[in-house]
Amino acid sequence: MFKNYFTVAWRHLLKNRQFTGLNLVGLSTGLACTLLIWLWVQDERSVDRFHKNDDHLFQVMEHRPHSGGITTSPETPALLDETLTMLMPEVASATVTTPPSWFPHVVLSVGDENIKGAGLFAGKDYFKVFTYPLIGGNPNEALAHRDGIVISEQLAMRLFHDTDQVIGKQVSWQIFQIKKSSIVTGVFKGTPANASIQFDFLLSFEAFKEIMGMQGGMDSGGPFYTYVVLKEGTRVAAFNDKLSALMKDRSNGNQRRMFLKPYGENYLYGDYENGVQSGGRIAYVRLFSLIAIFILVMACINFMNLSTAKAAGRMKEMGIRKTIGAGRLSLMVQYLAESFLLVLAATLLALLMVLFFLPTFNHITGKELAIAVDTRFVVTLLCMVLITGCLAGSYPAFYLSGFHPVAVLKGKVNPGTGALWARKGLVIFQFTLSVVFIVAVWVVYRQIAFIQSHKTGYDKEQVICFDAEGKVPAGMDAFLTEIRQIPGVVNASSMVGNVLGGPSLGIPWQWNGVEETTPFRCFQASYGMIETLGIEMKEGRSFSAAYGMDTAAIIFNETAIRVMDIKDPVGKVIRFSGTDWRIIGVTKDFHFQSLHEAIKPLFFKLDFQNTTVMVKINTAREKEVINRLKAFYTTFNPGFPFDYKFLDEDYQAQYQAEQRVAVLSRYFAGLAVLISCLGLFGLASFTAEKKRKEIGIRKVLGATVSQVVLLLSKDFLRAVGIALGIAMPLAGWIMHDWLNGFARHISLGIDIFLVTGIAVILLTLLTVSFQAVHVAMANPAKSLDTA
C-alpha cells in the first residue's frame, strides 16, 4: 500500500516539473539555512559545557553598589578561594586565576627561541576545578610548586619540538620588567575551540603573590577571578546568603554582595544592568533560531500555496478515487506522501548545500563547525524532515481530501474562494517577514557604518600598538626617545593595557565633605599619551616633564568631574583612593569603551612601567615609517619579532558580533526574499494558466498587454501592500529596541521604510510580470483553442 502511495506521488512530482522544481529549491534552501543555524546554535550553547564538574561549577560574582547604581563584576579578592575552602564545608574545591586580559602576549623563551603565548596565574587546584586533561605531569601537583609552569601540547611543540620529554625542562618568561624561569611540571592537551577562555600556559598563583608582594587579607590584592565546585546537594541560594555574610564579617563591614553564577552560563548570559541579569550572547542565539524557523516556515508556505493553487486540477482525480472506495485518510496519506518525498529530496540537496557553504559560513562566524554524524544530528535531521513534511503537506492534505466526490464530479465545487484567501494570507505572512528582514539588514548596516565613522573623541587612525618586550620595559624612556626621532613619527608614548575596554574599578574619593565610591577607568600612561591619541584638553594641561615629576598629579575626564561635582577643578587637591592628588587638567570626554556603553568616569595618572607602546605615524609615509620602526626595533630588541597592529583594528574588533550579525543577516534576508519570490512566481504561473481563456477573450475584445499585466498583478500587489502595512511598524519597533542597546546610534528615518517599500513593490511586479507578460503576449487564438 505504502509503495503505491509513493509511486503515485513520484509520478505526480515528475509530471509537474515546475511545481516540483520551485518547491525543491525553496525547501532545500530553507532546510540548508536551518541546518547551518542549528550547527551554530549548538556550538554556542556548548561553550564551557565540557567540564566534568559542569553541573556544580560556579564563578564567584559580586554586586557593587555605588552612587550611580549597581555594578556586577566577576572580580574578587586574591585569597577568596583559600578562605572558601577552609571555612565553607559546601565547597569541594576552589581556585583563583588572574583575568585572561592581563597577560595575552607573554614572551616565553627556551634558548634563543622567543615565542608569545597567552597565560594565566592559577591556584593549585585549577585542574580539580576545570577539565583540561594532562598528557604529562600530575594534575594535583602541577601548580602546587611556585616555580612550576604547565604548558599546552601545541606550545610544547613550538618550544621544544616535542611533547613527551619536556617535564622538568626550563622555560624563561618576562612580564613587564620581571624576568623569571619556571620548570615544566605538566603538559595539557590544550583548550578546545568551545572554551571561552583560551590560554597556552599556566603559572602558579604562588609565583604571582611573590612577585606582587601580596601579604593576605580579604581586601588585599585583586581584582582576580574565583571559581568553586560545590558538593552534591548544596543549595546555591543558601550558599549565597552564607557567602555574603562571610564577606561582610571579613571585609571591615563592607557591603559585599557576592553570589555564585553557573560557569557554563557566563558566555551566553554575561550582561547585567543595575545588578540584574539582562542577557548577553543568548540574544543572538534566540534571534537566529527564530530566523531559522521563519525561513523554514516560509519554504513550507510555498509548498502549501502551490499545492492549493493546483487544487482545481486535481479535483477530478480526488473525486474518482473517492468514488472507487478511497477514504479520506488514504487521500491524506497520499498527499502527505508527496510532501515527504519532496522533503526527503530537498533534505539530501540541503545537506550537499551545507557541505558546500560550511567553510564560508565558518569564515563569517569565526567558528570551526563541522557535521558530526552522531545520534543528536541524525535525530535532529529526522525531526526536521518529519516537521517540515507535516507542515508543508498538512493543509493540502486536509483541504483536498475534504470535498464530496459527487459534487466534485458534477463540477459543483468551487475550490477557489477558501483556498484563495488562505493563499493570500500566507503570501502576506511571507512578505511581512521578508520586509522585516530587509529593514533589519539596512538598519544594522547603517549602524555599523555609523560606528565606523563616528568620532570617538580620540585619534585612532594611523596609531600602531605593540607590546613592550625584552629590553624595552627597562629602557622605555630611551626607547621612546629614539622612536620619536624616526622621520615620519608624529609622537610616541606607552601605557598599561590598551585604550579600549578594560575594567572600571570602584575607587573611594572625598571632596568637599562628600565621600563616595565610584567606578573609574584608570589610564596609567607615560608622557605624551594624551598627545599621541589626540585627546583634547577641556582645561588645564597634560603631563609634562617641563613641570617636574607629575607623579602626584591626576587628570580626569569631563564625566568624572561632573560625577564628583567639582567646580573649577584645575589646581584643586582631591582625596582619591586614599591619597591626595592635584588635578592638573580635564580632558574632553572620549569613547574608551564601545558605543554600547555611555562614557564613564576616567582618570589619567603618570606611570613608566607600561606594557604597550603606541606610535602615531604620518599617514603619507606609513610604509616607510613602519619599515624604519621594524629595523630600529630589531636592533634595539634582538630576538623579538616586531608584531604590531593598528589601534583602529582594536576599535573595529569591539563590534565583531554586530559585524557578523550584519553579514549573516544580509544572507538570511536574501534567502527570505528569494523564497518569497519563488512562491510568488509559482502562484503567478498557476494564476496565469488558470486565467488563460479569460485573457484570450479580453485580448480579442481589445485589452492591451499592460491591462492584462495589471489584471494578473493587482491581487498580488494588494497582498504585498497589506504585508508592508503590517511589517513596517513591526520592523520599526524591533530595530528601535535593538538600537537602544547603543549609547550612540542612528535614527530610524522614514527613508529606510520608504525605499524598502518601493523595492518590495518593484520586486513583486518584476516577479509577477515575468509570467504576466508572457501570457499577455501570447496569441489569443491559441489560448481560446486550448482552453
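All values derive from a computational prediction rather than experimental measurement.

**Thoughts on the overall build of the protein**
At step 1: Along the protein, the regular secondary structure elements total 23 helices and 26 strands.
At step 2: Evaluated residue by residue, the protein yields a buried proportion of 51% over its 787 residues.
At step 3: Total accessible area on the protein is roughly 36000 Å²; 58% of this is exposed by carbon and sulfur atoms.

**Some words on the nonpolar core**
At step 1: By size, the foremost hydrophobic cluster in this structure holds 57 residues, and its most contacted members are V439, Y458, V499 and F604.
At step 2: The element that contributes the greatest number of residues to this core is helix 13 (residues 416-453), accounting for 11 residues.
At step 3: The residues touching Y458, leaving out its near neighbours within four places in the chain, are V499, L500, L533, G534, I535, F590, H591, L647 and Y651.
At step 4: Membership of the second largest hydrophobic core comes to 48 residues, among which are F303, F377, F668 and A672.

**Section: unusual backbone geometry**
At step 1: In the Ramachandran plot, D48 falls in the positive-phi region, its phi being about 65° despite a non-glycine side chain.
At step 2: For D48, the position within the fold is in the loop between helix 2 (17-46) and strand 1 (57-66).
At step 3: Unlike most non-glycine residues, S577 shows phi in positive territory, near 55°.
At step 4: Within the secondary structure, S577 sits in the loop between strand 22 (573-576) and strand 23 (579-587).

**What to know about the packing of aromatic side chains**
At step 1: Applying the stated criterion across every chain yields a total of 50 aromatic pairs.
At step 2: Judged by centre distance (6.1 Å) and plane angle (35°), the ring pair of W102 and F208 falls under tilted. Taken together, the residues span a long stretch of sequence, with W102 in the loop between strand 3 (91-97) and strand 4 (106-110) and F208 in helix 6 (residues 205-212) at a distance of 106 residues.
At step 3: Overall, F208 belongs to the buried group, its relative accessible area being 6%.
At step 4: Both rings, one in Y633 and one in F642, keep their centres 5.3 Å apart while their planes meet at 45°; by these two values the pair is tilted. Each member of the pair, Y633 as well as F642, carries the same accessibility label: buried.
At step 5: An aromatic cluster is present here, built from F50, Y126, F127, F130, Y132, F188, F199, Y227 and Y263 joined pairwise through their rings.

**Overview of the pattern of salt bridges**
At step 1: Taken as a whole, this structure holds 22 salt bridges when the rule is applied.
At step 2: Salt-bridge contacts for R281 lead to E44; the nearest nitrogen and oxygen are separated by 2.9 Å. Of this pair, R281 sits in the loop between strand 15 (276-279) and helix 8 (282-309) while E44 is found in helix 2, placing the two residues 237 residues apart along the sequence.
At step 3: A salt bridge links K116 to E469, with the nearest nitrogen and oxygen atoms 2.7 Å apart. Taken together, the positions of K116 in strand 5 (residues 113-117) and E469 in the loop between strand 16 (463-467) and helix 14 (476-484) put the pair 353 residues apart, joining distant regions of the chain. The residues K116 and E469 share a single accessibility class, namely buried.
At step 4: Through salt bridges with shared partners, one network takes in D43, E44, R281 and K367.

**Section: the pairing of strand 11 (residues 201-204)**
At step 1: Taking every second residue as pointing to the same face, both faces of strand 11 are buried, with F201 and L203 on one and L202 and S204 on the other.
At step 2: The pairing of strand 6 (residues 119-122) with strand 11 spans four bridges and is parallel. Bridge pairing in strand 11 places A122 opposite S204.
At step 3: Pairing geometry for strand 8 (residues 148-152) and strand 11, over three bridges, is antiparallel. Paired with I151 across the two strands is F201, which belongs to strand 11.

**With respect to the packing of helix 14 against helix 17 (residues 622-636)**
At step 1: Remark: helix 14 packs on helix 17, axes separated minimally by 11 Å, with the N-to-C direction vectors making an angle of 150°. Comparing their axes, helix 17 and helix 14 come out roughly antiparallel. For helix 14 against helix 17, the interelement crossing comes out right-handed. For the pair helix 14 and helix 17, the contacting residues are F479, E482 and I483 in the first and L629, F632, Y633 and F636 in the second.

**Some remarks on the pairing of strand 16**
At step 1: In terms of burial, strand 16 is largely enclosed, as five of its five residues are buried.
At step 2: Bridge count for strand 16 against strand 25 (residues 612-617) is five bridges, and the pairing is antiparallel. Counted as the bridge partner of C465 is M614 from strand 25.
At step 3: The sheet contact formed by strand 16 and strand 26 (residues 645-646) spans two bridges and is antiparallel. Bridge pairing in strand 26 places C465 opposite K645.

Parameters at a glance
Residues numbered from 1 in each chain as written. Predicted model: local features only at pLDDT ≥ 70, side-chain atom pairs only at ≥ 80, totals over all residues. Heavy atoms only, no water. Helix = DSSP H or I, 4+ residues; strand = E, 2+ residues; numbered from the N terminus. Buried < 20%, exposed > 50% of the residue type's maximum accessible area, 1.4 Å probe, protein only. Areas by Shrake-Rupley, 256 points an atom, 1.4 Å probe, with all protein chains shown as cover. Core = buried A, V, L, I, M, F, W, Y, C linked by side-chain atoms within 4.5 Å. Contact = heavy atoms within 4.5 Å. Phe/Tyr/Trp six-rings, centres within 6.5 Å; stacked < 30°, edge-to-face > 60°. Salt bridge = Lys/Arg side-chain N within 4 Å of Asp/Glu carboxyl O. Pairing = 2+ DSSP bridges. Axes fitted to C-alpha atoms, helices over the stretch in contact; angles between N-to-C directions. Parallel < 35°, antiparallel > 145°, perpendicular 65-115°, else oblique. Left-handed = near helix turned anticlockwise from the far one by under 90°.

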